Amino acid sequence: TGKGKAPDVFRYHYAIVSRIPNSFKDSSLKQKEPAKPIDLEKARQQHEEYVETLRKLGIDVLELPLDERHPDCVFVEDTAVVINGTALICRPGAPSRLGEVAVIRQTLRKELGLKIVEVDNDKATIDGGDVLWTGKEIVVGLSGRTNQEGAQAIAKAFPEYATCMVRVEGALHLKSLMSMAGPELIAVSRSPAAQKVLKRVQEQVTYSYMILTVEEEEAANMLYANGMRVHLPDTTIPKSFPIIENKLDFQNRYAQDISELQKADGDLTSMSILIQKVKHP
Ligand code: CIR
């Protein structure tokens, strides 16, 4: 089966991922107390499978070497927002993660030739996990990690698109609660926390979107690229899996288990930065 048709905005050529350091096991940030112990070998295996899955989508994956000084470095999504050839280098809201951006900046600039934009307000914090690019506009979650100054920096970096802000509670990031599951299609769970934030999104956005309602909160984070979806497996999302499986236009899809990364609050979008091919003049 060929690759599905996707509008150009969701057609990606490259991805940046980062390998998992040993420090991930004990020193990565975790919301849940007590945290479940992480099986490092299994985490690495799942990450390798994730990379393979990205390759199956036709994406050329750049794997950065692991960085022991940054236990959360596998969650590259939080370090940069890349839309349409421009990369905004984030200022992650967790102080332990600020240093992760250096290698990402370098890679985006030198290896991928993107236009780099820096945040010029040192009060601003941004985690890329709070930035939902719908293909038409940008929704920024104001969370424990991303503040108003951060949202303003995003709006300034991408003046060609409308940017709106929504308050996020009860989740680490906006994209822990919703994600794009197709062109003009937002996946979101039935959970009260997710529905509350969805309502705020719908009040703020310029376009209207279709909604795919799933059951488990973590099922709402999927990865849509090149006409295909990557979602969690039935072992993780038993109630939502049949909903996803039965969607007729979801023929091209991959189930990817990331259970060990979820223990550190990772999700499918958090482990890659997706990038379109830049047209050099
Ligand atoms: C953190 O707390 O920053 C990491 N342990 C998890 C970040 C996950 N990022 C994301 O979903 N965008």
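Report follows, based on the coordinates. (Residues numbered from 1 in each chain as written. Predicted model: local features only at pLDDT ≥ 70, side-chain atom pairs only at ≥ 80, totals over all residues. Heavy atoms only, no water.)

## What to know about the pairing of strand S9 (residues 178–182)
For step 1, the next point in the chain: The buried fraction of S9 is high, at 5 of 5 residues.
For step 2, the next point in the chain: Relative to strand S10 (residues 185–189), S9 is paired through 4 bridges, and the arrangement is antiparallel. What sits directly across from Met-178, in S10, is Val-188.
For step 3, the next point in the chain: Between the end of S9 and the start of S10, which pair antiparallel, lie 2 residues, with Glu-184 showing a positive phi angle near 65°. (Buried < 20%, exposed > 50% of the residue type's maximum accessible area, 1.4 Å probe, protein only. Helix = DSSP H or I, 4+ residues; strand = E, 2+ residues; numbered from the N terminus. Pairing = 2+ DSSP bridges.)

## Side note on the sheet that holds S9
For step 1, the next point in the chain: Ordered in space as S9-S10-S11, the 3 strands form an open sheet in which the pairing is mixed. Strands with a single pairing partner mark the edges of an open sheet, and in this sheet they are S9 and strand S11 (210–214). Taken pair by pair, the neighbouring strands of this sheet meet at an average axis angle of 35°, ignoring direction.
For step 2, the next point in the chain: Strand contacts of helix H5 (residues 192–204): S9, S10 and S11, with the helix running at about 150° to S10, the strand carrying the most contacts. (Axes fitted to C-alpha atoms, helices over the stretch in contact; angles between N-to-C directions. Contact = heavy atoms within 4.5 Å.)

## Re the nonpolar core
For step 1, the next point in the chain: By size, the foremost hydrophobic cluster in this structure holds 76 residues, and its most contacted members are Phe-24, Leu-54, Ile-59, Leu-88, Ile-138, Phe-158 and Met-178.
For step 2, the next point in the chain: At 5 residues, the largest contribution of residues to this core is made by helix H2 (residues 40–56).
For step 3, the next point in the chain: Sequence-distant contacts of Leu-88, defined by excluding residues within four places in its chain, comprise Thr-79, Ala-80, Val-81, Val-117, Glu-118, Val-119, Ile-126, Ala-153, Ile-154, Ala-157 and Phe-158.
For step 4, the next point in the chain: Leu-64, Ala-80, Val-101 and Ile-275 belong to the second largest nonpolar core, which has 15 residues in total. (Core = buried A, V, L, I, M, F, W, Y, C linked by side-chain atoms within 4.5 Å.)

## Focus on helix H4 (residues 148–157)
Since the α-helix advances by 3.6 residues per turn, residues separated by three or four positions end up pointing in the same direction.
For step 1, the next point in the chain: Every buried residue of H4 is accounted for by Gly-150, Ala-151, Ala-153, Ile-154 and Ala-157. Along the axis of H4, the buried residues cluster in a sector spanning 155°; they form a single face.
For step 2, the next point in the chain: The elements touched by buried residues of H4 are strand S4 (86–89), strand S5 (115–118), strand S6 (131–133), strand S7 (137–142) and strand S8 (162–167). (Arc of directions from axis to C-beta.)

## Considering the sheet that holds S5
For step 1, the next point in the chain: A sheet is described by the order of its strands in space; here 3 strands give the open sequence S3-S4-S5, paired in mixed fashion. Of all strands in the sheet, those bounded by a partner on one side alone are strand S3 (80–83) and S5. Adjacent strand axes in the sheet meet at a mean angle of 20°, parallel and antiparallel pairs treated alike.
For step 2, the next point in the chain: Packed on one face of the sheet, helix H3 (residues 101–111) meets S3, S4 and S5 and runs near 150° to S5.

## Description of the site of the ligand
For step 1, the next point in the chain: By nearness alone, 14 residues border the ligand, and Leu-29, Asp-72, Glu-77, Asp-78 and Ala-264 come closest of all.
For step 2, the next point in the chain: Contacts to the ligand include Glu-77, whose side-chain N or O atom sits 2.8 Å from a nitrogen atom.
For step 3, the next point in the chain: Relative to its unbound accessible surface of 340 Å², the ligand loses 99% to contact with the protein.
For step 4, the next point in the chain: Among the cavities detected, the one that contains the ligand is the second largest cavity.
For step 5, the next point in the chain: Class assignment for the residues of the shell around the ligand results in 4 nonpolar, 3 polar and 7 charged. (Near = heavy atom within 4 Å. Polar contact = N/O pair within 3.5 Å; in protein donor to acceptor, adjacent residues only side chain to side chain. Areas by Shrake-Rupley, 256 points an atom, 1.4 Å probe, with all protein chains shown as cover. 1 Å grid on protein atoms, 1.4 Å probe; cavity = no way out; pocket = protein on both sides within 12 Å on 5 of 7 lines; lining within 4 Å. Sits in = over half its atoms within 2 Å of the grid points. Nonpolar A, V, L, I, M, F, W, Y, C, P; charged D, E, K, R; others polar.)

## Section: the environment of Thr-125
For step 1, the next point in the chain: Structurally, Thr-125 is set in the loop between S5 and S6.
For step 2, the next point in the chain: Separated by 81 residues in the primary sequence, Thr-125 and Thr-206 have C-alpha atoms spaced 25 Å apart.
For step 3, the next point in the chain: Apart from residues no more than four positions distant in its own chain, Thr-125 is found in contact with Arg-91, Gly-93, Arg-145, Thr-146, Asn-147 and Gly-150.

## A few points about H5
For step 1, the next point in the chain: Compared with the 18 Å implied by 1.5 Å per residue over 13 residues, the 19 Å span of H5 between its first and last C-alpha is a close match.
For step 2, the next point in the chain: Among the residues of H5, Ala-194, Val-197, Leu-198, Arg-200 and Val-201 are the ones counted as buried. One side of H5 carries all its buried residues, which in axial view fall inside an arc of 160°. Exposed side of H5, more than 90 degrees from the buried face: Pro-192, Lys-199 and Glu-203 are the residues found there.
For step 3, the next point in the chain: Along its buried surface, H5 packs onto S7, S8, S9, S10 and S11. (Expected span 1.5 Å × (residues − 1).)

## Quick word on the packing of aromatic side chains
For step 1, the next point in the chain: As enumerated under the stated definition, the model contains 3 aromatic pairs in all.
For step 2, the next point in the chain: Lying across the ring of Tyr-207, Lys-136 places its NZ or CZ 5.0 Å from the centre.
For step 3, the next point in the chain: The aromatic ring of Phe-250 is capped on one face by Lys-247, whose charged end is 5.5 Å from the ring centroid. (Phe/Tyr/Trp six-rings, centres within 6.5 Å; stacked < 30°, edge-to-face > 60°. Lys NZ or Arg CZ within 6 Å of the ring centre and 35° of its normal.)

## Things to note about the layout of surface pockets
For step 1, the next point in the chain: In this structure, the largest pocket encloses a volume near 580 Å³.
For step 2, the next point in the chain: Partitioning the lining of the largest pocket into residue classes produces 4 nonpolar, 7 polar and 7 charged. (Points joined across faces, edges and corners; volume = space filled by probe spheres on them.)

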